[in-house]
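Listed here are the chains, written in short residue letters.
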Amino acid sequence: MKKDLIFAPILLLVGVALFLLRFTGMSAHIAISALGVVLLVVYTVLTKKEWKLPLLEVLMRIFYGIALISGIVIMNVAGVAVLAVLHRACAALFLVLLVVLFVHKLVRSEKA
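In what follows, the accompanying structure is described.

In terms of regular secondary structure, the protein chain is built from five helices and zero strands. Counted from the first residue to the last, the protein chain has its helices and strands arranged as α-α-α-α-α. Computed over its C-alpha atoms, the radius of gyration of the protein chain comes to 15 Å, within 12% of the 13 Å expected for a compact globule of 112 residues. Overall, the C-alpha framework of the protein chain stretches about 50 × 25 × 20 Å when taken along its three principal axes. Out of the 112 residues in the protein chain, the part that is buried amounts to 32%. Total accessible area computed for the protein chain in this model is approximately 7100 Å², and 77% of it derives from carbon and sulfur atoms. Charge centroids of the protein chain, computed over 11 positive and 4 negative side chains, lie 5 Å from each other.

Here we come to the packing of helix α3 (residues 26-47) against helix α4 (residues 54-76). For the pair α3 and α4, the least separation of the axes is 11 Å and the interaxial angle reads 155°. Regarding the angle of α3 to α4, the classification is roughly antiparallel. The hand of the α3/α4 crossing is left-handed. Of α4, the residues touching α3 (which contributes Ile 30, Ile 32, Ser 33, Gly 36, Val 37, Leu 40, Tyr 43, Thr 44 and Thr 47) are Met 60, Arg 61, Tyr 64, Leu 68 and Met 75. Looking at the contact of α3 with α4 residue by residue, the classes come out as nine nonpolar, four polar and one charged.

Right, let's get into the packing of aromatic side chains. All told, the structure shown has two aromatic pairs when counted by the stated rule. With a centroid separation of 5.0 Å and an interplanar angle of 65°, the aromatic rings of Tyr 64 and Phe 94 are classed as edge-to-face. With Tyr 64 in helix α4 and Phe 94 in helix α5 (residues 81-111), this pair connects stretches of sequence that are 30 residues apart.

Here we take up the side chain of Glu 57. Within the fold, Glu 57 resides in helix α4. Looking at Glu 57, its side chain comes within polar contact range of the side chain of Arg 61, at 2.9 Å. A distance of 2.8 Å separates the side chain of Glu 57 from the side chain of Lys 105, its partner in a polar contact. Excluding residues that lie within four positions of it along the chain, Glu 57 makes contacts with Trp 51, Leu 101 and Lys 105.

What counts and what doesn't
- Residues numbered from 1 in each chain as written.
- Predicted model: local features only at pLDDT ≥ 70, side-chain atom pairs only at ≥ 80, totals over all residues.
- Heavy atoms only, no water.
- Helix = DSSP H or I, 4+ residues; strand = E, 2+ residues; numbered from the N terminus.
- Rg over C-alpha atoms; globule rule 2.2 N^0.38 Å.
- Buried < 20%, exposed > 50% of the residue type's maximum accessible area, 1.4 Å probe, protein only.
- Areas by Shrake-Rupley, 256 points an atom, 1.4 Å probe, with all protein chains shown as cover.
- Lys, Arg positive; Asp, Glu negative; His and termini not counted.
- Charge placed at Lys NZ, Arg CZ, Asp CG, Glu CD.
- Axes fitted to C-alpha atoms, helices over the stretch in contact; angles between N-to-C directions.
- Parallel < 35°, antiparallel > 145°, perpendicular 65-115°, else oblique.
- Left-handed = near helix turned anticlockwise from the far one by under 90°.
- Contact = heavy atoms within 4.5 Å.
- Nonpolar A, V, L, I, M, F, W, Y, C, P; charged D, E, K, R; others polar.
- Phe/Tyr/Trp six-rings, centres within 6.5 Å; stacked < 30°, edge-to-face > 60°.
- Polar contact = N/O pair within 3.5 Å; in protein donor to acceptor, adjacent residues only side chain to side chain.

Coordinates in, geometry out; function isn't part of it.
Written out as structure tokens, the structure reads:
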């Protein structure tokens with residue numbers, strides 16, 4: 001649980017920062033998303049044995065991956081609205097699942 005208390009809030013801040021593209025600019029957006037990948041990999045490696053809802057944990061990471069890949073494609077292919085919607089929807093679903101899983105872990109640790 002200690003690892004979740006460290007990584008989940010940091011990943012939440014990274015996710016929120018990624019939604020602030022208009023304020024950060026594209027260079028910072030790319031750097032923050034790369035930092036998010038590194039943090040997500042480290043978080044996964046350190047907490048994989050503690051997953052209580054593995055399907056949601058995997059889905060959360062898949063949504064980040066889809067958002068990352070669709071963002072890379074958007075940079076190289078202009079004018080595809082479906083990609084922009086997919087990118088934002090997956091990014092939002094990543095954040096929602098991150099919060100849901102973090103709250104679930106907090107509730108479980110309170111009961112224990």
